[in-house]
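Each chain is listed here by its residues.
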Amino acid sequence: MKFENDNSILQRKMSSSYVGVSRRQAMIKALNINIGDIVLDVGCGGGQLIEDIAKSVGRKGKAIGVDPSSSQISSAKELCSGLENTLFICCLADNIDLESDSINAAASIQTFEYINDIDKALIEIKRLLKPRSKFLNISTLWDYYRFHGPEKKLNDLMHDVFKEHCSHQMVPTFLNGRLKNLGFKDIKTTELAYVFTKRDENSFAKYAETLIANFALGKGVDQEKVSEWQRQIKKAEENGRFCFTSIPVLTEAILEK
Ligand SMILES: C[S@@+](CC[C@H](N)C(=O)[O-])C[C@H]1O[C@@H](n2cnc3c(N)ncnc32)[C@H](O)[C@@H]1O
């Protein structure tokens, strides 16, 4: 999935909703930032995490966001325009124009699932990290990113089509091994589970429904089938048998070097 135009607008709305905010809170807590730290956000999107990091590292520190989407980078720059200790680079995670051994921590939220060659990106991040620094990642277990309520066959079709939206469905299930192979230590995982039984205006579930519906239409699923799926979600919600589940996982690791 390309995060340009309408997709990037929807992504930033999702990131501003309860799920996005609470994921960032978990990330900030795990980062345990020191004043003066230089922290990288890989796949910074609209810059919400960069804004929090920049405020945490103080004027002597720096928050650096990288993202290949020009629309995400320009939105991030706008959000952080009042903060002098930020830097944004429009690039892929596997080729970042920064000096080796120059950052205290690398963070990433819901980005590694979109990176084709995960090892290549991890090797690049390892190059940038100083000795005794941290790598933190939050990725979603997409097999469990699911609406419950619509009729099974149609619901399965919609979720099966959506699998194509990213390169890796289950990053947290294999990331620990990849990190270990690259010399990272003290690797641990924490689940951040979300369960919604209602869809309000700024609900992550409402945005997720729009995302899956738009994606399915783009992949050629009939408008009638997509509308029927959305009708069934609405009906399930009215009848008190609607649910949307998502399980992002926080992975933490230390690099000794
Ligand atoms: C779901 S968004 C998450 C954005 C942000 N981290 C957040 O939590 O709001 C995924 C982001 O990853 C970026 N991305 C996709 N492929 C990437 C790559 N190879 N390297 C770095 N970022 C990438 C996209 O442009 C997009 O902004």
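About the thresholds
Residues numbered from 1 in each chain as written. Predicted model: local features only at pLDDT ≥ 70, side-chain atom pairs only at ≥ 80, totals over all residues. Heavy atoms only, no water. Helix = DSSP H or I, 4+ residues; strand = E, 2+ residues; numbered from the N terminus. Buried < 20%, exposed > 50% of the residue type's maximum accessible area, 1.4 Å probe, protein only. Contact = heavy atoms within 4.5 Å. Polar contact = N/O pair within 3.5 Å; in protein donor to acceptor, adjacent residues only side chain to side chain. Pairing = 2+ DSSP bridges. Axes fitted to C-alpha atoms, helices over the stretch in contact; angles between N-to-C directions. Left-handed = near helix turned anticlockwise from the far one by under 90°. Near = heavy atom within 4 Å. Areas by Shrake-Rupley, 256 points an atom, 1.4 Å probe, with all protein chains shown as cover. Nonpolar A, V, L, I, M, F, W, Y, C, P; charged D, E, K, R; others polar.

Caption draft 1: Structural view of the environment of N137. Counting through the fold element by element, N137 comes out in strand β5 (residues 129-140). Judged by its relative accessible area of 1%, N137 falls in the buried class. Those residues in contact with N137, other than ones at most four positions away along the chain, are M27, S108, F112, V171, L175, V249, L250 and T251. A polar side-chain atom of N137 sits 3.0 Å from a polar atom in the side chain of S139.

Caption draft 2: Representation of the sheet that holds β5. An order of β3-β2-β1-β4-β5-β10-β7 is seen for the seven strands of this open sheet, with the pairing classed as mixed. Every other strand in the sheet has two partners, leaving β3 (86-89) and β7 (184-191) as the edge strands with one partner each. Sheet twist, expressed as the average angle between the axes of neighbouring strands with direction ignored, equals 15°. By the bridge criterion, three bridges tie strand β1 (residues 38-42) to strand β4 (residues 103-109) in an arrangement that is parallel. Within β4, the residue paired with V39 across the bridge is A105. Each of β1, β2 (62-66), β3 and β4 is contacted by helix α3 (residues 48-57), which is oriented at about 165° to β2, the strand it contacts most. Contacts from helix α7 (residues 171-181) reach β5, β7 and β10 (248-255) within the one sheet, and its direction differs from that of β5 by about 165°.

Caption draft 3: Inspection of the packing of helix α6 (residues 152-162) against helix α9 (residues 223-238) at higher detail. Following both chains from N to C, one finds α6 and α9 inclined at 115°, their axes separated by 10 Å at the closest point. In this structure, α6 meets α9 at a crossing whose hand is left-handed. Where α6 abuts α9, its residues L154, N155, L157, M158 and H159 lie against K225, V226, E228, W229 and Q232.

Caption draft 4: Fine view of the site of the ligand. Residues in close proximity to the ligand total 17 residues, the closest being S15, G43, D67, A93 and I109. Between S15 and the ligand, the recorded distance is 2.6 Å, taken from a side-chain N or O atom to an oxygen atom. Contact with the protein chains hides 92% of the accessible area of the ligand, taken as 600 Å² for the molecule alone. Of the residues in the shell around the ligand, the class split is eight nonpolar, eight polar and one charged.

Caption draft 5: View of unusual backbone geometry. Here the phi dihedral of Q110 falls at roughly 45°; this positive angle occurs in a residue that is not glycine. Within the fold, Q110 resides in the loop between β4 and α5 (118-128). Positive phi outside glycine occurs at K257, with the angle close to 70°. When you line up the elements, K257 lands in the segment after β10.

Caption draft 6: Geometry of the side chain of S22. For S22, the location among the structural elements is in helix α2 (residues 18-31). Classification of S22 by relative accessible area gives buried; the value is 14%. One polar contact links the side chain of S22 to the main-chain carbonyl oxygen of V19, over a distance of 3.3 Å.

Caption draft 7: Representation of the sheet that holds strand β6 (residues 146-148). The strand order β6-β9-β8 describes an open sheet built from three strands, whose pairing is antiparallel. Either end of the sheet is taken by a strand with one partner, and the two such strands are β6 and β8 (194-196). For this sheet, the mean angle separating the axes of adjacent strands, direction not counted, is 15°. Relative to strand β9 (residues 243-246), β6 runs antiparallel, the two being bridged by three bridges.

So, to be careful, I would describe these as geometric facts and stop short of saying anything about function.
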